[in-house]
Amino acid sequence: MAETKSVEPQITETEVIQKYQQLQNQAQAFANKIAEFEADLAEHEMVIKTLADLGEDRRAYRFINGVLVEKTVGAVLPDTENNAAQIRELIAKFKSELETTEAQAVAWKNKYNIKTQKEVMDERARAAAAAST
């Protein structure tokens, strides 16, 4: 019987670099979204802190799909707290995805011995410094 070996298909240097850049771009997109969600969360927390000290029947306004709606603090506060909790969950999910994507990028980089321009320049500088001593 013939043995079956799983052979990885050969990929070109360009494909290797493109895959690495794609992983880097995905990681950057996740980081940008996390920063955006953290800013939204800070705004929600500021509103929650402000509304917590007010009476529940006090008038409050809230933007819903671009429309300013008049409600009471008692109605707005729970909704805002719920939205803040959902944003926290999204941040945690995106951080997890970011870690996974970064790990994939590092694994790909190590597998194909990819070096960034900065790494190459640092190696040359170290080699030059070692040669001059």
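These numbers were taken from a predicted model, which means no experiment stands behind them. (Residues numbered from 1 in each chain as written. Predicted model: local features only at pLDDT ≥ 70, side-chain atom pairs only at ≥ 80, totals over all residues. Heavy atoms only, no water.)

Visitor: Break down the layout of surface pockets for me, with residues and values.
Guide: In this structure, the largest pocket spans a volume of roughly 210 Å³. Lining the largest pocket are Glu 43, His 44, Val 47, Thr 50, Leu 51, Ala 60, Tyr 61, Arg 62, Val 76, Thr 80 and Asn 83. Secondary structure elements with two or more residues in the lining of the largest pocket: helix H1 (13–52), strand S1 (59–64) and helix H2 (73–111). The biggest single contributor to the lining of the largest pocket is H1, with five residues. Residue composition of the lining of the largest pocket, grouped by class: five nonpolar, four polar and two charged. (1 Å grid on protein atoms, 1.4 Å probe; cavity = no way out; pocket = protein on both sides within 12 Å on 5 of 7 lines; lining within 4 Å. Points joined across faces, edges and corners; volume = space filled by probe spheres on them. Helix = DSSP H or I, 4+ residues; strand = E, 2+ residues; numbered from the N terminus. Nonpolar A, V, L, I, M, F, W, Y, C, P; charged D, E, K, R; others polar.)

Visitor: If you had to explain unusual backbone geometry to someone new, which residues and values would you point to?
Guide: Positive phi values are uncommon outside glycine, yet Asn 65 reaches one of about 50°. Tracing the chain through its elements places Asn 65 in the loop between S1 and strand S2 (67–72). Owing to a relative accessible area of 79%, Asn 65 belongs among the exposed residues under this scheme. A positive phi angle is found at Asn 113, which is not glycine, with a value near 50°. Along the chain, the position of Asn 113 falls in the loop between H2 and helix H3 (117–132). (Buried < 20%, exposed > 50% of the residue type's maximum accessible area, 1.4 Å probe, protein only.)

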